[in-house]
Structures are given as structure tokens and as C-alpha cells.
There are 2 protein chains.
Amino acid sequence: MHGKHASSFHENISKIRSLIVQAALVPGDRLPSERELAETLSISRASVREALRALSFLGIVETRHGGGTFLCEQDRHRYIEILSEFIVTKQTKATDIVEMLRLLERLAFSEVEPTPERVQALESNLEVDRLFRQQLVFGLKNELFIRIWSEVNRFYEGTDTGDLYTLEERTELLEMWRKVGMPE
Amino acid sequence: MHGKHASSFHENISKIRSLIVQAALVPGDRLPSERELAETLSISRASVREALRALSFLGIVETRHGGGTFLCEQDRHRYIEILSEFIVTKQTKATDIVEMLRLLERLAFSEVEPTPERVQALESNLEVDRLFRQQLVFGLKNELFIRIWSEVNRFYEGTDTGDLYTLEERTELLEMWRKVGMPE
DNA sequence: ATCTCTAAAGTGGTCAGACCAATTAAACAG
DNA sequence: CTGTTTAATTGGTCTGACCACTTTAGAGAT
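Counting restarts for each chain, with residues numbered from 1 along the sequence as it is written. All chains are assigned letters beginning with A, and all ligands numbers beginning with 1, in the order in which they are written. Owing to the predicted nature of the model, reporting of local features is limited to residues with pLDDT of at least 70; listing and counting of side-chain atom pairs is limited to 80 or more, with chain, interface and lining totals taken over all residues. Heavy atoms throughout the structure, all of them, feed into the side-chain values; hydrogens and water do not.

### Thoughts on the packing of aromatic side chains
Threshold: Centre distance within 6.5 Å is the pairing criterion for rings of Phe, Tyr and Trp, where only the six-membered ring of Trp is used; planes under 30 degrees apart are then read as stacked, over 60 as edge-to-face, and the remainder as tilted. Working rule: Lys NZ or Arg CZ, within 6 Å of ring centre, within 35 degrees of ring normal, means a charge sits over the ring.
In total, this model carries two aromatic pairs over all chains according to the counting rule given. One cation-aromatic arrangement involves Arg64(A) over Phe70(A); the distance from NZ or CZ to the ring centre is 3.8 Å.

### Considering the confidence of the model for chain A
Residue and element names in this part refer to chain A. Put simply, the rule is: Scored from 0 to 100, pLDDT reflects the predictor's confidence in each residue. Helix and strand definitions follow DSSP, with helices as H or I runs of at least four residues and strands as E runs of at least two, each counted in order from the N terminus. Whether two residues are in contact is decided by their heavy atoms: any pair within 4.5 Å suffices.
This prediction gives chain A a mean pLDDT of 75; 71% of its residues lie at or above 70. For chain A, helix H5 (residues 79–89) is the element with the lowest average pLDDT, namely 39, and helix H2 (residues 34–41) is the one with the highest, namely 94. Overall, residues 75–91 carries pLDDT values under 50, and its contacts beyond four positions in sequence, including any with other chains, amount to 42 contacts.

### Notes on unusual backbone geometry
All names here are of chain A. Note the following rule: Three exposure classes are used, based on accessible area relative to the maximum for each residue type with a 1.4 Å probe and protein chains only: buried under 20%, partly exposed in between, and exposed over 50%.
Backbone geometry places Ser42, a non-glycine residue, at a positive phi of 60 degrees. Along the polypeptide, Ser42 turns up in the loop between H2 and helix H3 (45–57). Judged by its relative accessible area of 65%, Ser42 falls in the exposed class.

### Observations concerning the protein's contact with DNA strand C
So the rule is basically this: The rule for a residue being near a molecule or strand is that one of its heavy atoms must lie within 4 Å of it. For this analysis, a polar contact is any N or O atom pair within 3.5 Å, provided that within protein one partner can donate a hydrogen and the other can accept it, and provided that sequence-adjacent residues contribute only side-chain to side-chain pairs.
Near DNA strand C, the surroundings consist of 26 residues, among which Ser44(A), Ser47(A), Glu34(B), Arg45(B) and Arg49(B) are the closest. When the atoms of DNA strand C within 4 Å of the protein are sorted by group, sugar and phosphate make up 64%. Residue Arg45(B) places a side-chain N or O atom 2.7 Å away from a base nitrogen belonging to DNA strand C. Taking Arg49(B), its side chain carries an N or O atom lying 2.8 Å from a phosphate oxygen of DNA strand C. If you list the elements that add at least two residues to the surface near DNA strand C, you get H3 of chain A together with helix H2 (34–41), helix H3 (45–57), strand S1 (61–64) and strand S2 (68–71) of chain B.

### Remarks on the pairing of S1(B)
Both faces of the sheet carry side chains from a regular strand, because those side chains alternate between them. Residue and element names in this part refer to chain B. Quick note on the threshold: In this scheme, strands are said to pair when DSSP sees at least two bridges between them.
Relative to S2, S1 runs antiparallel, the two being bridged by four bridges. By the bridge assignment, Thr63 is partnered in S2 with Thr69. The hairpin turn running from S1 into S2, its antiparallel successor, is three residues long, and Gly66 in that turn takes a positive phi close to 85 degrees.

### Here we look at the nonpolar core
Where we set the bar: Think of a nonpolar core as a cluster: buried Ala, Val, Leu, Ile, Met, Phe, Trp, Tyr and Cys residues, connected wherever their side-chain atoms sit within 4.5 Å.
In terms of nonpolar packing, the biggest core is built from 51 residues, with Met100(A), Ala108(A), Phe145(A), Trp177(A), Leu104(B) and Phe145(B) touching the most fellow members. Judged by nonpolar contacts, the second largest core, of 19 residues, contains Leu37(B), Val48(B), Ile60(B) and Leu71(B).

### Some details on helix H1 (residues 9–22) of chain B
Residues and elements named next belong to chain B. In plain terms, the rule: Multiplying one less than the number of residues by 1.5 Å gives the expected span of a helix. The arc in question is traced by the directions running from the helix axis to the C-beta atoms.
Spanning 14 residues, H1 covers 20 Å between terminal C-alpha atoms, matching the ideal 20 Å at 1.5 Å per step. Looking at H1, one finds that the buried residues are Phe9, Asn12, Ile13, Ile16, Arg17, Leu19 and Ile20. Buried residues of H1 fall within an arc of 155 degrees about the axis and therefore sit on the same side. Across H1 from its buried face, at more than 90 degrees, point the exposed residues Val21 and Gln22. In the segment just after H1, Ala24 is the residue with positive phi, at about 55 degrees.

### As for the packing of H1(B) against H2(B)
All names here are of chain B. Definition in use: Axis definition: a line fit to C-alpha positions, over the contact stretch in the case of helices; interaxial angles, taken between N-to-C directions, run 0 to 180 degrees. Under this scheme an angle from 65 to 115 degrees is roughly perpendicular, one under 35 degrees roughly parallel, and one over 145 degrees roughly antiparallel; angles in between are oblique. Here the term charged refers only to Asp, Glu, Lys and Arg, the term nonpolar to Ala, Val, Leu, Ile, Met, Phe, Trp, Tyr, Cys and Pro, and the term polar to all other amino acids, Gly among them.
The contact between H1 and H2 brings their axes to 11 Å, and the two run at 105 degrees. Between H1 and H2, the crossing angle belongs to the class labelled roughly perpendicular. Listed contacts from H2 to Lys15, Ile16 and Leu19 of H1 are Leu37, Thr40 and Leu41. Along the lines of polarity and charge, the residues of the contact of H1 with H2 split into four nonpolar, one polar and one charged.

### Regarding the side chain of Glu34(A)
For Glu34(A), the position within the fold is in helix H2. When residues no more than four places from it in sequence are discounted, the contact partners of Glu34(A) are Arg45(A), Val48(A), Arg49(A) and Leu52(A).

### What about the pattern of salt bridges?
Pairing between side chains of opposite charge can happen when their charged atoms approach one another. Stated precisely, the cut-off is as follows: By definition, a salt bridge exists where a carboxyl oxygen of Asp or Glu is found within 4 Å of a side-chain nitrogen of Lys or Arg.
Summed over the entire model, instances satisfying the criterion amount to 20 salt bridges over all chains. Between Glu175(B) and Arg178(B) there is a salt bridge, with its nearest N and O atoms 3.1 Å apart. Here Glu175(B) pairs with Arg178(B), and both are found in helix H9 (residues 167–181), just three residues apart, close to one helical turn. Through salt bridges with shared partners, a single network forms among Glu34(A), Arg45(A), Arg49(A), Arg53(A) and Glu50(B).

Okay, here's the thing in C-alpha cells:
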């Protein structure tokens, strides 16, 4: 019944990755040409290209028009296990989400200058955890930072409805911030 | 007969993304078929597939064999879409990228415990800016953090080939870290 | 009419061959 | 040996076809 097509997308990626390891390629080396890979792996060139494009997106290989396909620098190559696994499985640990949020907010806390206006705004949002954290992060004028925080936070709120900090913690944070902003 | 090859990979992704927005598709909706997209966007189906595969890898769309291509639930991993949009459209301020990287790396610097092994690993990568920063960030075992940093860093390296820190700065960072790790 | 089941249409997945565009290596003239 | 030109190599795109899976519409039975 099944299967004249013995290849699948993920299998092809594995094949190429195995070939990279087996050939003992080092960063900077050139991979076999797409036509050569197609014949070696017994798959069509279109499939080879889709697999290479995926590897390119993962930062594992780099293609140069007319030049060839090259193995990226080693630091990117080390991401293979983490990134490919991450993307394929699409599973994120809830603890990673919480930790990421805490890290970003602590970063904002230490980077944003505690002007009286900001301290006042933060104090007025002391009661509501979500508003408090948002107010804190928005002190950073970095749009990229804010958007990343927003999306991570949205994901967090979609899975966990509890507060990230207790009222006591928020109060303590605010006090620390106020002291820094008002020396003496 | 043959077209003009007026399309490029990144342009095609933007086209499809624009089409998603223009059609006001919501998560769960089905996109037009690959053949239909090819005709609408005046590109070959192979190019449509490569673009869709990229969007699939980014967690934006999901393909079902025989069923169609669907817009993913945006609540999950939407941060990837944000990052991909930055990458594709390249409309992000370069200063935001650099600042974001510095913030994330400073975060790793302050959060990761400077064990002798880590200090040694960092020292061995002191010469190469890229490796140094990667080694620093990988101290955090948070996969989400690493993934986000990787995406931002990849975009940075795609636009700027210079070092993020000078050798002096890296040396200073390492020394500070070493002192913290080895209290008197 | 309604229900069930089957066949056709629709859609993603793969393949094959061709041509275009950019790079690289070889051939050539000086 | 050097610089230029030419041919071969390689990635990028296009076209059309067929396969595998899903959905749907229609025929047939109740």
C-alpha cells in the first residue's frame, strides 16, 4: 500500500546532518552540490533543497548562489540539537517561560532609570501584578525588548493565571527602586 | 513561457504574510492552496512551498497532508513570529538589535554562576567575540532564552559583521566575573 | 427525506527535467 | 607569470506530472 516515496522531510534533514558528521566536515567546508546530494541520498533535488533551506534557517548551513553550500561557523553548529529539537517538538517548558519573564523584568528593573514619574506610575499599579510588570518593562524604550516581553508574557498568561510576584515582592521592588532614584 | 524570476525567497515570505494580513485570516483559518497562492503571487509552486516551509518552521503556519495549510494558533510561540517578522522585513532599528543583545548578555552575565569550568570556557573563547558571547549566554540553561538570543544574534550577524564588544571589554567582563566567582 | 458508503475532486508531498543567474575553475593570449 | 576570456560548476527558479492523504459531493440503500 504505502510508499513508493521512501523519503520524508525530517528524514531528509537527518540524512544530510548524518552526512555532515560522517564526512567529518568542519565549519567553513563546502557540502556536496545539491545535485550530488540528491543522487547520493536517492531523493529529488527539490527535497534536498527544502531540507537545505530548513538547515539554512536553523543557521546550520549557508548557501551562496553559484558558490555552493557551506557549513556555518561552529557556534551555530552547536545549536543543532537545541534549536531543531525545539522547533520540531514545539514544546516549551512552563518553567522556562516563568524564568524568562523574571529575567526580562529584572533586567528592566536594573536598566530603567527610576525617575519620580516612573516611580509614581509604578506605585499606582502596585495592586495588579500584570500592570505592575508591564509598567516596569515599558520603562525601556527598546521596541524589540517590549515586543518580546509582551509575547512571552502573553504566552505565560495563556497557561498560568496566577501572579508572577506577590504583593510583598512588588512592594519591596518598588521600595528598592525608590531608594536608588532618590539617594540621600 | 518562462517567467522573469522576479521573485526572491524573502520577498515571497513577505508576500504570503501580507496576504494573510490582507485576507484578515485568524488562527485556525486555512490559507489558499499552494497552487492558488502560486497563481495569485505569480510565482512557481516550488517557491511557494519553500516560503511556506519556512513559515512552518517559524511556527506561523501548519500544513496537513491532503487537508491544507492553516494559520497556527498564535497564542503559542507567537514570539517566533515577531522575531521572524523582524528578520524578514528587516525594519528593526539596528540600535534596538544591538541594545537587545547587550541586555540579554548582561543578563546572562549577572545570572549565571561563575564556576571555574565556565570561567575557563569563557577564557578560552576570549579572542573571538561571537564565541565569547555564545559561551556566556549558554551558561543559562533556559532554552527559551537561548532560542531568543540566537534569533536576535543571527539577525545581528546578518546585518553587522563587526564585534559587539572589544577585546578590552571582554577581558574586563571576564575579570569581573572571575572576581565574583572567587571571593577572598 | 436521511443515512451510509463510495468515488471524485482538492490539496500537500515528491519527482523529473529544463533553463536562468552567479560563481568558480580552466583555457588562453600577452 | 599575469591578466583576460571562456567553459564548467552550482545554487535559484520554473513547469508539469504523478503519488498520498483528506475532504466532499453524489449515488444508492433504507
